[in-house]
Each structure stands twice: as C-alpha cells, then as structure tokens.
Amino acid sequence: MTMIARGSQDLARTQQLVALAFSITVILCLIGCSGTTVETRRSSTAAFSEGMAAFELEEYAKAEPLLAEAMSGALQPDVYVEAGVARAKCLGHLNMVQEGLGVADIMREGLPSEGEYFALRAAVYAAAGEVATAREEFAKARRLDRQVQPPPGI
C-alpha cells in the first residue's frame, strides 16, 4: 500500500470516529433534555396533586398558586383542564373574578361543551358571591347543554 492510500484510509477512519462522537453527543444531549421534561412532569404532577387536595379542603389561597404552577409545567391535556377548572373556581373564591374568567377562557377549548364553559363562568361568579351574574351565566349554559349542573350557591 502506498502512503497516499494509507493516508486516505486514516482520514476516512478519523471522519467516521468524529461522526460517531458527534452522534453520541447528540444522543446524550437528547437524553439530558428528556430528563428535564420528566422532572418537569413530576414537579407539575406533584403541584397538581397538592393543589387539588387543598382545593378539596377549600383552602383556595393555598390551592391557586399550586394549580398555577402545575399548569405552567407539563401536564396531560385532561389533567391540565381539570387543574384549570379548579384554578378558575379558586380565583372566584378569592374574589379575583376577572382572573378566574381569564382562566375559564383558556379552558374553553378543552371543556366537553360550550355549556360547560358557561357553567364554569357561573361557578366563578357564584364563588365570588355574585349570584345574579352567576344565574345569568348558568342560564346560558343550560340553553346550550341541558346536562350541566348548577354550581353551588345559585
């Protein structure tokens, strides 16, 4: 074999090793990124669980920031909607009606029906003690979906 042929083989082998090292680096970066996603999902799920527990105990001031944290992470779509519905109601109980309605607007697409959306709006108003407005919103909900249930307080 001549020196030129051997040099070409060495160059080809070096290029292959560089390509392999690059591929391994990319794979390790992807594994690292997915680890972050898994950690984010765990954190979001923990915040959701703790927030829902506080919501069930009617500890709305504790539940709302936990549910907000959960929603900012990586929740499954159905869990995200459940967190959003509970958060909107928490905001109503905290007399933060406009913020609660804003969360309801975000949840609108994920709710089973347009009637459920207006029922959620009614729940936010009812939680804040705005019973007349809550009844108006619930009337809209019933016109759209006869199966929706009235929120407590109306």
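Computed from a predicted structure; not experimentally measured.

### Here we look at the nonpolar core
Item 1. By size, the foremost hydrophobic cluster in this structure holds 37 residues, and its most contacted members are F48, F55, L67, M107, L111 and L120.
Item 2. Breaking this core down by element, the ones donating at least two residues are α1 (3-56), α2 (60-71), α3 (77-93), α4 (97-107), α5 (114-127) and α6 (131-144).
Item 3. With 8 residues, α5 is the single largest residue contributor to this core.
Item 4. If we ignore the near neighbours within four places in the chain, the residues touching M107 are M71, Y80, V81, G84, V85 and L120.

### Here we look at the pattern of salt bridges
Item 1. Taken as a whole, this structure holds 5 salt bridges when the rule is applied.
Item 2. Where E64 meets R87, a salt bridge forms, and the shortest distance between an N and an O atom there is 2.6 Å. With E64 in helix α2 and R87 in helix α3, the pair connects residues that are 23 residues apart, well separated along the chain.
Item 3. When the shortest N-O distance is used, the salt bridge between E114 and R108 registers 2.1 Å.
Item 4. It is possible to trace a salt-bridge network through shared partners that takes in D105, R121, E137 and K140.

### Some words on the confidence of the model for the protein
Item 1. Taken over all residues, the pLDDT of the protein has a mean of 86, while the share at 70 or more is 75%.
Item 2. Between residues 25-34, whose pLDDT stays under 50, and residues either more than four places distant or in other chains, the model counts 0 contacts.

### Observations regarding α6
Item 1. Compared with the 20 Å implied by 1.5 Å per residue over 14 residues, the 20 Å span of α6 between its first and last C-alpha is a close match.
Item 2. Taken together, the buried positions of α6 are A134, E137, F138 and A141. Summarising the axial view, the buried residues of α6 lie within an arc of 100 degrees, below the 170-degree limit, and thus occupy one face. Seen from the open side of α6, the exposed residues pointing more than 90 degrees away from its buried face are A132, R135, E136 and R143.
Item 3. Along its buried surface, α6 packs onto α5.

### Structural notes on the packing of aromatic side chains
Item 1. Counted by the stated rule, this structure contains 2 aromatic pairs.
Item 2. Residues F55 and Y60 carry aromatic rings whose centres are separated by 5.8 Å and whose planes lie at 70 degrees to one another, so their mutual orientation is edge-to-face.
Item 3. A residue is classified by how much of its surface remains accessible, and F55, at 16% relative accessible area, is buried.
Item 4. Plain terms: the ring middles of Y117 and F118 are 5.0 Å apart, the flat faces sit at 70 degrees to each other, and that makes the pair edge-to-face.
Item 5. We classify F118 as buried; its relative accessible area is 13%.

Cut-offs and rules
Residues numbered from 1 in each chain as written. Predicted model: local features only at pLDDT ≥ 70, side-chain atom pairs only at ≥ 80, totals over all residues. Heavy atoms only, no water. Core = buried A, V, L, I, M, F, W, Y, C linked by side-chain atoms within 4.5 Å. Buried < 20%, exposed > 50% of the residue type's maximum accessible area, 1.4 Å probe, protein only. Helix = DSSP H or I, 4+ residues; strand = E, 2+ residues; numbered from the N terminus. Contact = heavy atoms within 4.5 Å. Salt bridge = Lys/Arg side-chain N within 4 Å of Asp/Glu carboxyl O. pLDDT = per-residue confidence, 0-100. Expected span 1.5 Å × (residues − 1). Arc of directions from axis to C-beta. Phe/Tyr/Trp six-rings, centres within 6.5 Å; stacked < 30°, edge-to-face > 60°.

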